[in-house]
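Coordinate inspection notes
The lines below spell out each chain.
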Amino acid sequence: MSIKDKVAVIGTGCVKFGENYEQTYDDMIVEAAYEAYKDAGIEPKEIQAAWMGTANPGIGHGKAGVSLADPLRLYDIPITRVENFCATGTEAFRNGCMAVAAGEYDIVLVVGAEKMKDRGERGIVREGHHPLLARGVTAPGQFALAATRYFHTFGIDKTVLAKVAVKNHKNGSMNPKAHFQREVTEEQVVKAPIIAWPFGLFDCCPTTDGAAAVILCREDLAKNFRKDYVVAKGMGLAVTSGRPYFDPGYDYLGFRCTQMAAQQAYKEAGITDPRKEVSFAEVHDCFTMTEILNYEDLGFAKKGEGWRLIVDGVTALNGDLPVNPSGGLKSFGHPIGATGVRMIHELTQQLLGKSGKRQVKKTDIGLAHNVGGPGAVACVIILGHP
Amino acid sequence: MVGIKAFGSYIPAWSLSRETIAKAWGRRPPQGEKAVACHDEDPLTMAVDACLYAIGNRDPGKIDGLIFSTTTSPYKEKLSSTTIAFCCDLRKDILTADLSSSLRGGTSAFRLACEMAKNEAARNVLVTASDARLGEPESELEMSFGDGAGCLLVGSDDVIAEVKATFSMADEFLDAWRKDTDRYVRTGEERFGQLYGYVKNMREACLGAMKAAALRPEDISKAVLSAPNQQALNQLVRALGLNAEKQIQDPLISAIGNLGSAQPFVMLQAALEEAKPGQKILWACYGDGADAFILNVTDAISSYVPGRRLKSWIGSRLGISSYEKYLRFKNILETDSTPPKTSSIFASQEVAQDIRLYGSACKKCGTVQYPRAQVCISCRAKGDLVDVRLSRKGKVFTFTKDYLFASVDPPQVMAVVDLEKGGRLYLQMTDCDHQSVAVGMPVELCFRKFHEGGGFHNYFWKCRPVRGEEKP
């Protein structure tokens, strides 16, 4: 059984990402969901089930479906809260797709939301960490371990990473919903204060508030709602060790979860040469190094050669395989649960040719990718045309 | 023949020049520097290092007791000796005891251990003394106090120094003290304390031990006499009729400071490192009375190789750049942080893994892995994993220098370390100059204090750049 061509995305919504000090967690959910309702041309009462992707519900919310039910008054239907590290958003989308493909529901809602700036602590909320093992680990720190190893093995340096930040900031400058909408120079990036060596400030995605929503329906019903829509072609999710740094065999030159999730998705979508067949991609650039590793793990380049894609401009907006035309996590921001759903929003807009100044040229196949934890959970979603 | 079988010591990687202290207070700078424990160290963790060096390559399963002495115990109620014993992977059916509150707790413990060995109640007993005393800022004591630890392995076979005579005396005397609510050590009138406390008690104890061994002052090869300062020691040497040039062990106050209860142990190591068979050592320690011993150096000293020499510890130190940083290390300038959640149940379940440093070795494929597991990370066999104590030596596989993690001394270096004999750990690196961290650099593991989550001291292992030269 394959999910290919069975599920349609008929509506998407996304709030302006950023330091949304004047919006509550609920406000963002309502705005994103109602934008998606409107885009799909449906009434809230038509939603038969919903998935809520959020790593940490807003202050005062339960770690359950209620964090979506209450703001939307979406009561009496199945709502499942989903959490899978930074792959939370795409994972929520994946669950919604599976339920529709299974024939259990006709129309479902998938929402991703996160209020990162309202936690009472800096960075990502530390919850469930071992009090001693790996104590001192931070999000930039754990990805920096891969950068150090990659530098050591393949001989690149910070200037190559900087090119990722420059590209994604440039793309973000064309995106009115992005957290950052300003270009940066390579020199600025290289000289920025160090956060976790070798990452400087501009190698890291920001701490961002945001929410996004997607309406899915059975592909054979999609025409009842609109004439232009996109469909899911393939999905993959892989979980590896949450403690890769204790794995004695790990080479720290990529993330196996991404490789495995990509294999699953490509197989389902019938893709054999991703470098040629994928038109554009939204990948998880939580840190600049991660984007380069993603190129390799997603099969866009061989191991050790991903950095050439950024140096050669292949992944630039006008390149052969644009990556992160939205601005990526780097510029668009990264509210954990919202990011994956936001990527589906971006893919849909691009596939339908509605991305304005940052519109990519080739729009056959779009790929969304999240990798979460210390490179422990990855989700790959492939969308295309019916 | 009861006596010392092995010794080990520990001098922290950090030193503070007295000039830096003097500058902070606008004073004339005295000579030298003092050893300062890192912000993640306490007397318990320092004692672990000293004990591990005393044990060396010996089987820890053959050690029958561990007595820990300190005046700066991490706990008012709870043994530290037990934590140290588990760190050293000692058995459970042994004697563990803390002898706290006394500057001569270490020598008192040594005397008790000798009695145990003599009565065949124990074959091998570790006696360790460790201190990190705080002198009040801007005081003379702040200048003189240093941090460190020492350890002696006591037994009745293969001794390198035999105990020939012992003499203890008690004296109710207020010289230096700290009430249960005091943070800083208090002292009485200095001259009075020196003459009527230190010199009087030490002289009587030393003469008592020498008399018991039928030795005259000129028979002593080396007198290892604990001392609060050089001036007090000079007076004692004169009172004993010893030759200050030839017979007196340097108390090392100039180089590392007065190490409190650890001072006589570290001084004795310095003397034993140079000792020759047949030499007579007078060893004495002061505090509410005094303990004195006559040690006879045996032939076994010729083939004894110390785990790490004092020269190596003292020669491999990093300077603390400012007085303010010293205040942070000592938590006199407190940092505000919320410790992670933990519980007594959780901590109990983790003892083998977190304290004994046990990982799992797969009987099927041989992979050594950490943390402990039931299913092999490599071949996924279930039920074929056995506990194995990991090596404390390794090499950095990859690392980062993290400025985001709240550290007393940023950046926090985090390293993935591949251990000798297998296993990979992800550890904080401590005692390092972050500029010198590199892939492939050799590191050694050390036991350190992490935080006070759950309301108790949470200890675990870190790594540090290898200090000084190594035992082959």
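Residues numbered from 1 in each chain as written. Chains lettered and ligands numbered in written order. Predicted model: local features only at pLDDT ≥ 70, side-chain atom pairs only at ≥ 80, totals over all residues.

Focus: the overall build of chain B
The condition is simple: Elements are defined by DSSP. Helices are runs of H or I of four residues or more, strands are runs of E of two residues or more, and each kind is numbered from the N terminus. Residue pairs qualify as contacts under a 7 Å threshold applied to their C-beta atoms, which are placed from the backbone.
The helix and strand inventory of chain B stands at 13 helices and 22 strands. For chain B, restricting intrachain contacts to residue pairs at least 6 apart in sequence, the fraction spanning at least 24 positions comes to 71%.

What to know about the overall build of chain A
Basically, it comes down to this: It is over C-alpha atoms that the radius of gyration is taken, and the globule rule equals 2.2 Å times the number of residues to the power 0.38. Three exposure classes are used, based on other C-beta atoms lying within 10 Å of a residue's own C-beta, which is placed from the backbone: buried for 20 or more, exposed for 12 or fewer, and partly exposed in between.
Along the backbone of chain A there are 13 helices and 11 strands. Computed over the C-alpha atoms, the radius of gyration of chain A is 19 Å, within 12% of the 21 Å expected from 2.2 N^0.38 for a compact globule of 386 residues. Seen through its C-alpha atoms, chain A measures out along the principal axes to roughly 55 × 45 × 40 Å. Residue burial in chain A is summarised as follows: out of 386 residues, 62% are buried. Considering only contacts within chain A whose residues lie at least 6 apart along the sequence, 79% involve residues at least 24 apart.

Digging into the environment of Val163(B)
Residues and elements named next belong to chain B. In this fold, Val-163 is placed in strand S8 (residues 161–170). According to the C-beta neighbour criterion, Val-163 is buried, with 24 such atoms within 10 Å. Val-163 sits 251 residues away from Met-414 along the chain, and the two C-alpha atoms are 46 Å apart.

Description of the confidence of the model for chain B
Under the convention used in this document: Per-residue confidence from the predictor is reported as pLDDT, a score between 0 and 100.
Chain-level pLDDT for chain B is 96 on average; 99% of the residues reach the 70-or-more range. Complex prediction metrics read pTM 0.96 and ipTM 0.95.

Concerning unusual backbone geometry
At the junction of Trp197(A) and Pro198(A), the peptide bond is cis and its omega measures out at 5° in the coordinates. Summarising the element assignment, Pro198(A) is placed in the loop between strand S5 (194–197) and strand S6 (199–200). Cis geometry is adopted by the peptide bond preceding Pro371(B), which originates at Tyr370(B) and carries an omega value of -5°. With respect to the helices and strands, the residue Pro371(B) is situated in the loop between strand S16 (368–369) and strand S17 (385–389).

So, the domain arrangement of chain A
All names here are of chain A. So the rule is basically this: Where each domain begins and ends is defined by an automated method or by a domain database. Charged means Asp, Glu, Lys or Arg here, nonpolar means Ala, Val, Leu, Ile, Met, Phe, Trp, Tyr, Cys or Pro, and polar covers whatever is left, Gly included.
Once the domains are mapped, chain A shows domain 1 (7–117 + 208–222) and domain 2 (139–206 + 230–384). The C-alpha-based centres of domain 1 and domain 2 are spaced at 23 Å. Contacts between the two partners involve 37 residues from domain 1 and, on the opposite side, 37 residues from domain 2. Looking at the side of domain 1 that touches domain 2 element by element, the count peaks at eight residues for helix H3 (residues 88–101). The residue makeup of the side of domain 1 that touches domain 2, split by class, is 20 nonpolar, 11 polar and six charged.

Quick look at the interface of chain A and chain B
Our working rule: Between any two strands, pairing holds if DSSP finds at least two bridges.
Listed by partner, the interface residues are 28 residues for chain A and 33 residues for chain B. Mapped onto the side of chain A that touches chain B, the elements with two or more residues apiece are helix H4 (139–154) and S5 of chain A. Element by element, the count of residues in the side of chain A that touches chain B is highest for H4(A), at seven residues. In the side of chain A that touches chain B, the residues fall into 16 nonpolar, eight polar and four charged. Here S5(A) runs beside strand S18 (residues 393–402) of chain B; their pairing, made up of two bridges, is antiparallel.

A look at the sheet that holds S17(B)
All names here are of chain B. In space, the three strands of this open sheet follow the order S16-S15-S17, with antiparallel pairing throughout. Looking at the sheet topology across the chains shown, the edges are occupied by S16 and S17. With two bridges joining them, strand S15 (residues 358–362) and S16 adopt antiparallel strand pairing. Looking at the pairing, Ser-360 lines up with Gln-369 of S16.

Re the domain arrangement of chain B
Residue and element names in this part refer to chain B. Taken as a whole, chain B is organised into domain 1 (3–329) and domain 2 (344–357 + 392–464). Summarising the inter-unit geometry, the C-alpha centres of domain 1 and domain 2 are found 28 Å apart. The set of elements that each furnish at least two residues to the side of domain 1 that touches domain 2 consists of helix H2 (43–55), helix H3 (81–87) and helix H11 (323–329). Along the lines of polarity and charge, the residues of the side of domain 1 that touches domain 2 split into eight nonpolar, three polar and six charged.

Here's the deal with the nonpolar core
This is how it is decided: To count as a nonpolar core, a set of buried Ala, Val, Leu, Ile, Met, Phe, Trp, Tyr and Cys residues must be joined through C-beta atoms within 7 Å.
One finds Val111(A) and Leu282(B) to be the most contacted residues of the largest nonpolar core, which totals 273 residues. Here the element with the most residues in this core is H2(B); it accounts for 10 residues. Setting aside chain neighbours within four positions, we find Val111(A) in contact with Ile29(A), Ala32(A), Ala33(A), Ala50(A), Met52(A), Gly53(A), Leu68(A), Ala211(A), Ala213(A) and Val341(A). Core analysis: the second largest hydrophobic core is formed by six residues, Val368(B), Cys376(B), Ile377(B) and Leu385(B) among them.

Let's talk about helix H7 (residues 230–240) of chain B
Residues and elements named next belong to chain B. Here is the rule: The arc in question is the one traced by the directions running from the helix axis out to the C-beta atoms.
Within H7 the residues assigned to the buried category are Ala-232, Leu-233, Leu-236, Val-237 and Leu-240. The arc that holds every buried residue of H7, seen down its axis, measures 140°, which confines them to one face. Exposed side of H7, more than 90 degrees from the buried face: Gln-231 and Arg-238 are the residues found there. Along its buried surface, H7 packs onto helix H6 (190–212) and strand S11 (222–225). Positive backbone phi, approximately 70°, marks Gly-241, located one or two places after H7.

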